[in-house]
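# Architecture at a glance
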Amino acid sequence: MTPEQIRKAIHDIRKQTERPFAVNLFVSTELAEDVRHHIQHGLEVTRPFRDTLGINEPVIERIQESFDEQLHVIVEEQVPVFSFTFGIPTKAQMEKLKEQHIITSGTATTVQEAIQLEAAGVDTIVAQGSEAGGHRGTFETYPHLPMVGTMALVPQIVDHVNIPVIAAGGIMDGRGVAASLMLGASGVQLGTAFLTAEESGAHALHKQALLESDETSTVITKAFSGKEARGYLIRSLIIFVQAPPLPRTRYNMQ
Ligand SMILES: Cc1cc2nc3c(=O)[nH]c(=O)nc-3n(C[C@H](O)[C@H](O)[C@H](O)COP(=O)(O)O)c2cc1C
C-alpha cells in the first residue's frame, strides 16, 4: 500500500473501533540499481506466455513503496501496534516508534533472528514455524532456507529471549492455541484459518481451493514474488505449466 492508502486504512479502522489494532509492513531496503534490468528481463521471458494467453504487457511504474515513508505514517498516526516481517527496522526507525509508545512485533524463523530482534528493542516476537501460510519471514542468510516447525521453534525461541513470543504456523483451532501456550508462547497468530472468513478479501476461487484442500496440498514456492512462500498447488498452476512449449532460442531457460 502507498503511504496515503495506509493512512486512509488507519482512519477507516478508527471509525469502526476504539480497540487497539496492528499495522503490518514488509521491512524493505532500497532496491539494487540493476533491478530494473532484471524486471525487463522477466518481462521478456514471460512475453510468450502473455502472447499465448492474450494478456497485455504490465505497466510497471513503481517497483516498491518506500518503507521509510510507510513507517512515517505509522509513527504519525500513533498506531497501537506495528508488526513487521523480512527484517528489522533501523535503529533510528525503532527510536521513532518507541517515542510514540508503539508496540512492535517482529517475525523470526530461527533462534538467531529472534535474538537479533530482541537486541534491536522489539517488544514481541512472532515465531513463524515452517507450517505457516504466506511468505517465509526469514531475513538472515543461511546455506539453505530454514524450515523449523512451530513445535520445535517456539520453545527454542522462548528459551533464548526474555520478551513475549507469539506462535505462528499451522494453528487452526483451540488445540493449537493450547499447545502453543504449553510450549511457552504468550499468544498465537493465525493466518490461513481466517482466509475463508466473510471479512477476508481473498478471491472466491482462493476460498474454494482452501476448503477443498487437505494436509498435502501446500508447497513452498517462489512463484508469487521470487521469495519463498507457502501456497496451494491448484489446477491453474498446473495449467500454466502445461502451456505450449516456448521457443528455447528466445531466452536462456535458466
Ligand atoms: C495469505 C497470507 C498472507 C500473509 N501476509 C503476511 C504479511 O503481509 N505480513 C506478515 O507478517 N505475515 C503474513 N502472513 C503470515 C502470517 O502472519 C502468519 O505467520 C501465518 O499465517 C501463520 O500460519 P498459518 O497460516 O498456518 O496460520 C500471511 C499469511 C497468509 C496465509
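What you see is a predicted model; the values in this text were computed from it and never measured.

Attention shifts here to the overall build of the protein. Each helix and strand counted, the protein has nine helices and nine strands in total. Over its C-alpha atoms the protein spans a radius of gyration of 20 Å, differing by no more than 12% from the 18 Å that the globule rule assigns to 254 residues. The C-alpha extent of the protein, read off along each of the three principal axes, is 55 × 40 × 40 Å. Out of the 254 residues belonging to the protein, those deemed buried represent 35%.

Taken together, 17 residues sit near the ligand, with N24, G170, Q189, G191 and T192 positioned nearest. Between the ligand and N24 there is a distance of 2.7 Å, counted from a nitrogen atom to a side-chain nitrogen or oxygen. Separating an oxygen atom of the ligand from a side-chain N or O atom of T192 is a distance of 2.5 Å. Coverage of the ligand by the protein chains reaches 76% of its 600 Å² of free accessible surface. Looking at side-chain class alone, the shell around the ligand contains six nonpolar, 10 polar and one charged residues.

What follows is about the packing of helix α3 (residues 67–76) against helix α4 (residues 91–99). Packing of α3 against α4 leaves a shortest axis separation of 10 Å and a crossing angle of 15°. Classified by the angle between their axes, α3 and α4 sit roughly parallel to one another. Considering how the two elements wind past one another, α3 and α4 form a crossing that is left-handed. Facing α3, whose interface residues are F67, D68, L71, I74 and V75, α4 presents Q93, K96 and L97. Looking at side-chain class alone, the contact of α3 with α4 contains five nonpolar, one polar and two charged residues.

One pass over the full model with this rule turns up 11 salt bridges. Across the pair E77 and R14 runs a salt bridge, and its minimum N-O distance is 3.6 Å. Residue E77 is located in the loop between α3 and β2 (81–85), and its partner R14 is located in helix α1 (residues 3–16); the two are separated by 63 residues in the primary sequence. Taking relative accessible area as the criterion, R14 reaches 34% and is therefore assigned partly exposed. A salt bridge links D173 to R175, with the shortest nitrogen-to-oxygen separation between them at 2.7 Å. On the basis of relative accessibility, which here comes to 66%, the residue R175 falls in the exposed class.

With that settled, consider the domain arrangement of the protein. On domain assignment, one finds that the protein holds domain 1 (3–28 + 64–194) and domain 2 (202–254). Once you take the C-alpha centre of each, domain 1 and domain 2 turn out to be 27 Å apart. At the interface, 12 residues of domain 1 touch eight residues of domain 2. Note on domain 1 versus domain 2: buried area summed over both sides is about 750 Å², and carbon and sulfur give 60% of it.

Conventions adopted
Numbering of residues starts from 1 in every chain and runs along the sequence as written. It should be noted that, the model being predicted, local features are given only for residues of pLDDT at least 70 and side-chain atom pairs only at 80 or more, the latter also being counted only at that level, while totals for whole chains, interfaces and linings use all residues. Values reported for side chains reflect all heavy atoms of the structure, with hydrogen atoms and water molecules removed beforehand. Where helices and strands are cited, they refer to DSSP runs of H or I of at least four residues and of E of at least two residues respectively, numbered from the N terminus. For the radius of gyration, the atom set is restricted to C-alpha positions; the globular benchmark scales as 2.2 Å times the number of residues to the power 0.38. Each residue gets one of three labels from its accessible area relative to the maximum for its type: buried under 20%, exposed over 50%, partly exposed in between, using a 1.4 Å probe on protein chains only. Any residue with a non-hydrogen atom lying within 4 Å of a molecule or strand is treated as near it. What qualifies as a polar contact is a pair of N or O atoms within 3.5 Å, subject to a donor-acceptor requirement within protein and to the restriction that residues adjacent in sequence count only when both atoms come from side chains. Note on areas: Shrake-Rupley with a 1.4 Å probe; residue coverage comes only from the protein chains shown. Three categories are distinguished: nonpolar for Ala, Val, Leu, Ile, Met, Phe, Trp, Tyr, Cys and Pro, charged for Asp, Glu, Lys and Arg, and polar for the others, with Gly belonging to the last. Axis lines are fitted to C-alpha atoms, over the contacting stretch for helices. Their N-to-C directions set the angle, which ranges from 0 to 180 degrees. These descriptions rest on fixed angle ranges, namely under 35 degrees for roughly parallel, over 145 for roughly antiparallel, 65 to 115 for roughly perpendicular, and the rest for oblique. By definition, any crossing whose near helix is turned counterclockwise from its far helix by less than a right angle is left-handed, and any crossing with a clockwise turn is right-handed. We call two residues contacting when some pair of their heavy atoms lies within 4.5 Å. Salt bridges are defined as contacts in which a side-chain nitrogen from Lys or Arg sits within 4 Å of a carboxyl oxygen from Asp or Glu. Here the limits of each domain have been adopted from an automatic or database domain assignment. By buried area we mean how much accessible surface two parts lose on assembly, using a 1.4 Å probe and totalling the loss over both.

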